[in-house]
Every structure is written in structure tokens, then in C-alpha cells.
Amino acid sequence: MNRTVRDGSDRHPKPVRRIELFEKYPKARLAATIVLILIAMCALGYSLVSFLTVEAGWTTIESDASGADCSNELIFQYDLGAGEMSPAAEKKAVDRLYTEATAKAYQLFHTSQGFDGVNNLYYINRHPNEVIEVDEVLYEAFSVIRQYGDRAVYLAPVYVQYSNLFGCHDDAETIDFDPYQSEETAAYFAEIISFAGDQNAIDIELLEDHKIKLFVSDAYLDYASEIGFTEFIDFYWMKNAFIVDYIADLMKENGFVMGSISSYDGFVRNLDDVSGLEYAFNLFDRVGGSVYQAGVMRYDHAMSIVYLRNYSVNNSLDWQHYYEFRDGEIRTAYIDAADGYCKSAVNNIVAYSQGFSCAEVLLQVMPVYIKDHFEAEKLTGLAQNGVYSIYCEDHRILYNESSLILTDLYDENGVRYTAVCTDHGKANQ
């Protein structure tokens, strides 16, 4: 039985009528359509050309690495088109080199991760007393370390504790990692130093054909096994000095010298020794809880610059090397290899040279900077060797290269900086 009775006229749908569209101006419409298509194609072509066209001038080179690299810690600025190559061709070549270099450096200096076919620091630490062939970049880094007799690279277990300290979110969390607060931590550091400072306990042996051996004594291996660590060597806060040098040298070898590479933590290599362009480096000074831009250093040639500071400058990566307590006291990654304590003889120092790399400048100025007390006279000896210095004291910028040009001295709100050349005792107002 049907529950619904439908009207007989609604049993079939009405027939569909085909409506013919009458084109009053068919040729005009076709022409307009063609014009619109041409306009769209021209716009697309212009966008594509604009995308592919590289303008001459200064630009920031970016890494195109598909995986992890160290480019987030670096800034590479380059003057495209200043040489014989077109800006587009030059950018393509520089991009490729930079991308490959930042990925390679990231892997080589990594201490907590291994990579297939890469004998990096992670691999070396886990194969003590074995002959290992390493990349030329690492071999050169170890060679420079040995040349200057620095032992900081052997403080890896100490660096682990400082990394934990810098990762703390509250002062109460820092006690277990800070030798200034914890006698137990200080004692542990002393034990590490007894091995790290002894060439008979641990040493990087440089062999032929880019082969090295991380020698570790049986006593130190037993101690490491008892404590539970496997990291014996680490460039830690120094690594970007070597990475910046590597990338700078790679660019120079390939003829790309119109650029400047810098790291967030104070290492700069300017490659330009041909154009005569003037470059600037900002000088900062910490006084109490305030940081001033004290002045600007001017130069017009290739340069290696090292900037050491015992305070953060609000960089998003600075937390890796600094911890500031609520009372304003600061811990840093500048660790004295003699006792494991972080130290800075002055709040900030800039060391620079035309003849030395960043790593070489760093290794020469470290013994002056990472100390309990500042011995300014030692900077004179460095200057005689071609490593000049700038530091601040009592609102004075003290420098020891008589030809250095300093400008834009800070003079605001009752704070006024003057520049004093310690070589001749002359002051620039």
C-alpha cells in the first residue's frame, strides 16, 4: 500500500531543453581571450626572468643543503658581479661551494653523531689508539692546535658539564655543573685536567697522509670507563674559528675573494684584498650590566678578526656558551685548561691580523684573555708578531696598531668613549 499518493503529472521529469547561446561578437571575444592569454604568459615569463635574474652587488649567501649544516651559525656576504663572472653565474658557483662546505664542516666537527664514511670527532673519540685517516680540514685543525701547544681541545668531558650548565633554566639547576658552586664538580674537573693536561695521558698524534691517532693511556681509558664518558676531544666553542677559516680558504682557492664570512660567536674572515673598499667592525664594551657600542673599527684589506666577550648579546644562539645568574654574574665557555674554570681577564677583546687565520689569532690571544688577571703587556708581544688587539677600560678604547682608524665613538647620556693608542700614547677624540 502506498503511503504517499503523488500527482500523475509529477511522475516523469520535464524534458531538458537545449539552449543555444547566441554569440553576437564571436571574433571579438576570441581576440580578447587571446590577448588575456598573452598577458598571462608575459606576466609568467617576467616573473620567471625576475626570479632567475641575479642583480650585482652585496648579497647574503644562503646554504641550499638538504640536510643539516652549520650555516645557521654563519653569515656570508658577497659582492656579486665585482669580478669577471656574471652575478648569476658567480652566485651559482658560490652557493654551491658554500652549501657543500657548511654541510661538510657540520659533519666533521660533530661530537655526538656519526655519519657514513666520515671520520669525524665522534668517530675519533670512539676509536682511541687507532690510526685513522681524516679529512684534510680536520688534519689541518689538529696541526694548528699542535703548533700552538694548546690543550683546550682535550677538555671534552669538562665541556659536557658546561653545556649542561648553559642549558639550565634556573639558578638552582646550575649547582651540579658549576665548579664555582660545587666542590664535587671542582674535584671532578681537577681529575679531568690531570689527564687532559698531560701529553702522556692523551694526545693527537699527526701521521703521514692525513692520518692521525688519538692516543689515550690505559689509565685514562679506565677512568673514562668508570665515570662513563666517551668524549675525549672537542673543539667546542673554538670550532667556528676553524670552520670560518676552512670556508674562507676554500673560497679563495676558487677565486672568490669579494666577500666576508662571520660567525655569531665572534670569528670573521674578510677575503677582499683587491678592491680597496672600506669595511667596518663594531666594537662593544660591557660596563656593569650595560653594553655599549663603543666605536667602529675601519679597514680596507683582507683580515682575520676574533672577538671574545664574557656576555651575551641577545643572539638566539648565545645560550650555548653563556649563563647569566639572577645577580648578574655570568658563566662562559672560555675555560682555562689549567683548572677547568671559566675566566675572562677583561670583558671584551678584539684581536685581528692580516697574516694569520682566525684559529691562529685565537690560539695566540687565548692565553691572555682566559686568565684571572689581565696582563696588557703581553698584547705588545702579539702586536710585534702581527696580531693586534683592542680592548676597553674606563670608557677608553685601547688599541696597539698606530695606523688603525676608529670612528663613531660613543657619546650619549653622559657616557663618552675616547680612543687611546697604547703604542704611541696618542688619543683620538
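Asker: Please set out unusual backbone geometry residue by residue, giving values where relevant.
Answerer: For histidine 210, which is not glycine, the phi dihedral falls at a positive 60 degrees. With respect to the helices and strands, histidine 210 occurs in the loop between β4 (202-206) and β5 (211-216). The residue asparagine 413 is not glycine, and still its phi comes out positive at about 50 degrees. Looking at the element boundaries, asparagine 413 is found in the loop between β17 (411-412) and β18 (415-416). On the basis of relative accessible area, asparagine 413 is assigned to the exposed category, the value being 73%.

Asker: So what's going on with the packing of aromatic side chains? Which residues, and what values?
Answerer: Throughout the structure, instances matching the rule amount to 29 aromatic pairs. Centre to centre, the rings of tyrosine 162 and phenylalanine 189 are 5.7 Å apart; their planes meet at 25 degrees, and the pair counts as stacked. With tyrosine 162 in helix α5 (residues 156-166) and phenylalanine 189 in helix α6 (residues 183-196), this residue pair connects regions lying 27 residues apart in the sequence. The pair tyrosine 162 / phenylalanine 189 is uniform in exposure class, with both members buried. Where tryptophan 237 meets tyrosine 334, the ring centres are 4.7 Å apart and the plane angle is 85 degrees; that geometry is what we call edge-to-face. Within this pair, whereas tryptophan 237 is found in the loop between α7 (218-227) and α8 (239-253), its partner tyrosine 334 is found in the loop between β12 (330-332) and β13 (348-353), the two being separated by 97 residues in sequence. Residue tyrosine 334 is classed as buried on the basis of its relative accessible area, which comes to 5%. Within the aromatic cluster, the residues linked to one another by ring pairs are Phe195, Tyr220, Tyr223, Phe229 and Phe232.

Asker: Help me get a handle on the pairing of strand β9 (residues 290-299), residues and values and all.
Answerer: Of the pairings in the sheet, the one linking strand β8 (residues 279-287) to β9 comprises nine bridges and is antiparallel in character. Along β9, the bridge assignment pairs aspartate 285 with tyrosine 292. Here β9 pairs with strand β16 (residues 405-407) via three bridges, running antiparallel. Among the inter-strand pairings, arginine 298 is bridged to a residue of β16, identified as isoleucine 405.

Asker: Tell me about the sheet that holds strand β3 (residues 131-133), residues and numbers included.
Answerer: One open sheet holds the three strands; their spatial order is β3-β5-β4, and the pairing between them is antiparallel. Since the sheet does not close on itself, it has two edges, and those belong to β3 and β4, each with one partner. Going from strand to strand, the sheet's axes swing by 25 degrees on average, the running direction of each strand aside. Sheet topology note: the β4/β5 ladder contains five bridges and is antiparallel. Among the inter-strand pairings, isoleucine 204 is bridged to a residue of β5, identified as leucine 214. Where helix α4 (residues 136-148) meets the sheet, its contacts fall on β4 and β5, and the angle it forms with β4 comes to roughly 120 degrees.

Asker: Can you explain the nonpolar core? Please cite residues and give values.
Answerer: By size, the foremost hydrophobic cluster in this structure holds 128 residues, and its most contacted members are Phe109, Ile124, Ile233, Trp237, Phe242 and Met297. Not counting residues within four places of it along the chain, the set of residues in contact with isoleucine 233 comprises Thr111, Leu121, Ile124, Asn125, Phe142, Val153, Tyr154, Ala156, Ile202, Ile204 and Leu214.

Asker: Can you break down the environment of glutamate 231 residue by residue, with the values?
Answerer: Tracing the chain through its elements places glutamate 231 in the loop between α7 and α8. Spatially, the C-alpha atom of glutamate 231 lies 5.5 Å from that of asparagine 125, the residues being 106 residues apart in sequence. If we ignore the near neighbours within four places in the chain, the residues touching glutamate 231 are Thr111, Asn125, Ala156, Pro157 and Val160.

Asker: Requested: an account of the packing of α5 against α6, with residues and values cited.
Answerer: Axes are the key here: two packed helices are described by the angle between their axes and the distance separating the axes. Contact geometry for α5 and α6: axes closest at 9 Å, N-to-C directions at 150 degrees. It follows from the interaxial angle that α5 and α6 lie roughly antiparallel. Across the interface between the two elements, Pro157, Val158, Gln161 and Tyr162 from α5 touch Tyr188, Phe189 and Ile192 from α6. Taken together, the residues of the contact of α5 with α6 sort by class into six nonpolar, one polar and no charged.

Asker: Run through the packing of helix α2 (residues 87-108) against α8, naming residues and quoting values.
Answerer: One can describe the packing of α2 onto α8 by two numbers: an axis separation of 10 Å at closest approach and a directional angle of 150 degrees. Overall, the two elements α2 and α8 adopt an arrangement that is roughly antiparallel. For the pair α2 and α8, the crossing hand works out as right-handed. Judged by residue contacts, Val94, Leu97, Tyr98, Ala101, Thr102, Lys104 and Ala105 of α2 engage Ile243, Tyr246, Ile247, Leu250 and Met251 from α8.

Asker: Explain the sheet that holds β16 to me, using residue names and the numbers behind them.
Answerer: Here three strands make up an open sheet; going across it, the order is β8-β9-β16 and the pairing antiparallel. The sheet is open, and its two borders are formed by β8 and β16, each paired with just one other strand. Looking at each pair of strands side by side, their axes are set apart by 35 degrees on average, direction ignored.

Asker: Pulling in residues and values, what's your account of the pattern of salt bridges?
Answerer: Inspection of every chain in the model, using the stated rule, returns 22 salt bridges. Put simply, arginine 416 and aspartate 411 hold a salt bridge, and the shortest N to O gap is 3.7 Å. Salt bridges here are not isolated pairs; linked through shared partners, they connect Asp336, Asp339, Lys343 and Asp372.

Asker: Describe the confidence of the model for the chain, and please don't skip the residues or the numbers.
Answerer: The pLDDT averaged across the chain works out to 89; a share of 86% of its residues lies at or above 70. Scored below 50 in pLDDT, residues 1-25 makes one contact in the model with residues more than four places away or belonging to other chains. Taken together, the stretch residues 42-51 has pLDDT below 50 and engages in zero contacts with residues farther than four places along the chain or on a different chain.

Asker: So what's going on with α4? Residues and values would help.
Answerer: Counted at 1.5 Å a residue, the expected span for α4 with its 13 residues is 18 Å, and the 19 Å between its end C-alpha atoms agrees. Among the residues making up α4, those that are buried are Val137, Leu138, Tyr139, Ala141, Phe142, Val144 and Ile145. In this fold, the buried residues of α4 make contact with α2, α3 (121-125), β4, β5, α8 and α9 (358-369). Count one or two residues on from α4 and you reach glycine 149, which has phi positive near 65 degrees.

Criteria and thresholds
- Residues numbered from 1 in each chain as written.
- Predicted model: local features only at pLDDT ≥ 70, side-chain atom pairs only at ≥ 80, totals over all residues.
- Heavy atoms only, no water.
- Helix = DSSP H or I, 4+ residues; strand = E, 2+ residues; numbered from the N terminus.
- Buried < 20%, exposed > 50% of the residue type's maximum accessible area, 1.4 Å probe, protein only.
- Phe/Tyr/Trp six-rings, centres within 6.5 Å; stacked < 30°, edge-to-face > 60°.
- Pairing = 2+ DSSP bridges.
- Axes fitted to C-alpha atoms, helices over the stretch in contact; angles between N-to-C directions.
- Contact = heavy atoms within 4.5 Å.
- Core = buried A, V, L, I, M, F, W, Y, C linked by side-chain atoms within 4.5 Å.
- Parallel < 35°, antiparallel > 145°, perpendicular 65-115°, else oblique.
- Nonpolar A, V, L, I, M, F, W, Y, C, P; charged D, E, K, R; others polar.
- Left-handed = near helix turned anticlockwise from the far one by under 90°.
- Salt bridge = Lys/Arg side-chain N within 4 Å of Asp/Glu carboxyl O.
- pLDDT = per-residue confidence, 0-100.
- Expected span 1.5 Å × (residues − 1).

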